[in-house]
Amino acid sequence: MCYVSLRNVNIKNISNFAFQTGYFLISMADLKIALEFGGGAEVLVGNQKVHEVAFPSKNKVWTIGDLLYWIKDNILKERPELFLQDGSVRPGILVLVNDADWELMDTVNYELKSNDRIVFISTLHGG
Amino acid sequence: MPVCSIHCGRNAVLKRPKTGDALCKECFFEAFESEIHFTITRAKLFKPNSTVAIAASGGKDSTVLAYVMKMLNEKYNYKLKLFLLSIDEGITGYRDDSLNTVKQNRDDYEMPLKILSYKDLYGWTMDEIVAEIGRKNNCTFCGVFRRQALDRGAHLLKVDCLATGHNADDIAETVLMNILRGDVARLNRCTSIVTDNGDGIPRVKPLKYTYEKEIVMYAYFKKLVYFSTECVFAPNAYRGHARMLLKDMEKIDPSVIMKIIQSGETLKVKSTAKLPTLMNCTRCGYISSQETCKACVLLEGLNKGLPKLGIGKSSKVKKALDDIQQNDSLCCSARGNSNVNNIKDLKDKKCLCLGSQNVLSVQIDEISLEKLTVE
Ligand SMILES: [Zn+2]
Ligand SMILES: [Zn+2]
């Protein structure tokens, strides 16, 4: 019944999140998203490459821009400036939506749909 | 979902930074590979029947380079004998994983692999060097040693050519860095697609015009396995700043990368400008702007217990090297004492072993290729 299926989310985050969105328990209208981090970006999220998350989607449109801040508040483990910059990802991090370049889909303005798979790949690590 | 700009009827999966085209996976592979082929043939990078070592780090660039080189070699019948060449710096937890990735490349692409270690080449691992010098300047050592290690490896394998995975972003970054440093001599040659370090073995950069974004996307769509962890010692190296500046500019206009490379290529240094003349190192024969090359200076410093030798100005280095020559019998007490940064510190100290000459465990001249370990 909980809208977040993340293992490492803590109580503080849940209550913040519930406060911001006005929802706490939602079962029917969850937006299920698979997040993947690679190319070195996984280091920023505790070396866990895959994160299955769900958001309450009733009366709320989620864009990737919203998702980025959610990631910052909930799963980024260190140095958020290495992930986020000026409301988008830091240049050098590639984003794919269902295996397609997010630059083809209006980047931060893309509206998430259930079962979307969002992949973040750092190009900044190792040569 | 936009459709492919080639009008093949498929959905696009990527926006090309170089052209702005939206391409499907198949058309992207075709464009990516044929552009590298075009770069290779236009610059005549390889002669048929030659042996080419591919510098393999296990990272994205060299993994993609090895994959594409194998593919193009077969597709266009270059008639090249391809090898993977890896350097093991001896950094715990860094190379262990990346060397496994290189071994994976070896198996996947069915290419012979040679691994050379710093320990074999220089008598020191990077871990041991860090223990001497601390973390501040170790990238100087690592970079200088790595450059020569590849050349020595190329000799050992008797290759005709050494191919490295430098991509367009790397080269634009190097142009920026040399401008910021005011290094006119390097600025002049850093954009060359073929360079010669004085040993007659050309170093070539087949990915010179290939964007980093496309390399990563190519590896992703082709499911190529590569290793990606920042060097544990270099989270904030100077290059990182040039890199972020470039990435910020690329976000505004991706063509800036090609423009910086073109600017670097067309830049001509006035014939009257004074550039450092290049010569061969008197100790190891490597091309150098000084009598003694940087690697030999650093090595001398390490072996004499003066690990910071060679980090500073080259004029001071010459003086210090001369002093070492004169004080050779005195310096053994300083060996392993990294607090001694200056030859002057030594002169006041009494030598504990009464002038024994057995200070230097590795004579540079003795580092011959026969001693290298080949896996
Ligand atoms: Zn197409
Ligand atoms: Zn030398």
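All values reported here derive from a predicted model rather than from experimental measurement.

What should I look at first to understand the overall build of chain B in this one?
Tallying secondary structure elements over chain B gives 14 helices and 10 strands in all. Counting every position in chain B, which comprises 375 residues, the buried fraction comes to 51%. A sequence separation of at least 24 residues applies to 70% of the contacts in chain B between residues at least 6 apart. Summed over its atoms, the accessible surface of chain B is roughly 17700 Å², and 52% of this surface lies on carbon and sulfur atoms.

So what exactly am I meant to see when it comes to the pairing of strand E4 (residues 81–88) of chain B here?
The side chains of a regular strand alternate between the sheet's two faces. Residues and elements named next belong to chain B. Of all 8 residues in E4, 6 are buried; the element is thus mostly enclosed. Crossover handedness for the path strand E3 (residues 51–55) to helix H2 (residues 60–75) to E4: right-handed. By the bridge criterion, 5 bridges tie E4 to strand E5 (residues 113–117) in an arrangement that is parallel. In the sheet register, Ile87 faces E5, and the bridge partner there is Leu116.

Any chance you could explain the interface of chain A and chain B here in plain terms?
Many authors give the size of an interface as the accessible area that is lost as the parts come together. At the interface, 24 residues of chain A touch 27 residues of chain B. With both chains or domains summed, chain A and chain B bury close to 2200 Å², and 60% of this area falls on carbon and sulfur atoms. Summed over the shared surface of chain A and chain B, the number is 2 salt bridges. Among the salt bridges present, the one from Asp101 of chain A reaches Lys213 of chain B, with a minimum N-O distance of 2.6 Å. Remark: the boundary between chain A and chain B carries 8 residue pairs in polar contact (both at pLDDT 80 or more). Counting residues per element, the ones that place at least two in the side of chain A that touches chain B are strand E5 (93–97), strand E6 (100–101) and strand E7 (116–122) of chain A. With 3 residues, the single largest contributor to the side of chain A that touches chain B is E7 of chain A.

So what exactly am I meant to see when it comes to the packing of helix H7 (residues 168–181) of chain B against helix H11 (residues 256–266) of chain B here?
Helix packing geometry: the angle between the two helix axes and the distance between the axes. Residue and element names in this part refer to chain B. At their nearest, the axes of H7 and H11 sit 9 Å apart, and the two run at 55° to each other. Overall, the two elements H7 and H11 adopt an arrangement that is oblique. Between H7 and H11 the crossing geometry is left-handed. Where H7 abuts H11, its residues Ala168, Asp169, Ile171, Ala172, Val175 and Leu176 lie against Ile257, Met258, Ile260, Ile261 and Gly264. When its residues are assigned to classes, the contact of H7 with H11 shows 9 nonpolar, 1 polar and 1 charged.

Rules of the game
- Residues numbered from 1 in each chain as written.
- Chains lettered and ligands numbered in written order.
- Predicted model: local features only at pLDDT ≥ 70, side-chain atom pairs only at ≥ 80, totals over all residues.
- Heavy atoms only, no water.
- Helix = DSSP H or I, 4+ residues; strand = E, 2+ residues; numbered from the N terminus.
- Buried < 20%, exposed > 50% of the residue type's maximum accessible area, 1.4 Å probe, protein only.
- Contact = heavy atoms within 4.5 Å.
- Areas by Shrake-Rupley, 256 points an atom, 1.4 Å probe, with all protein chains shown as cover.
- Right-handed = clockwise from strand over helix to strand, strands pointing away.
- Pairing = 2+ DSSP bridges.
- Buried area = accessible area lost by both parts, 1.4 Å probe.
- Salt bridge = Lys/Arg side-chain N within 4 Å of Asp/Glu carboxyl O.
- Polar contact = N/O pair within 3.5 Å; in protein donor to acceptor, adjacent residues only side chain to side chain.
- Axes fitted to C-alpha atoms, helices over the stretch in contact; angles between N-to-C directions.
- Parallel < 35°, antiparallel > 145°, perpendicular 65-115°, else oblique.
- Left-handed = near helix turned anticlockwise from the far one by under 90°.
- Nonpolar A, V, L, I, M, F, W, Y, C, P; charged D, E, K, R; others polar.

Honestly, it's all geometry; don't read function into it.
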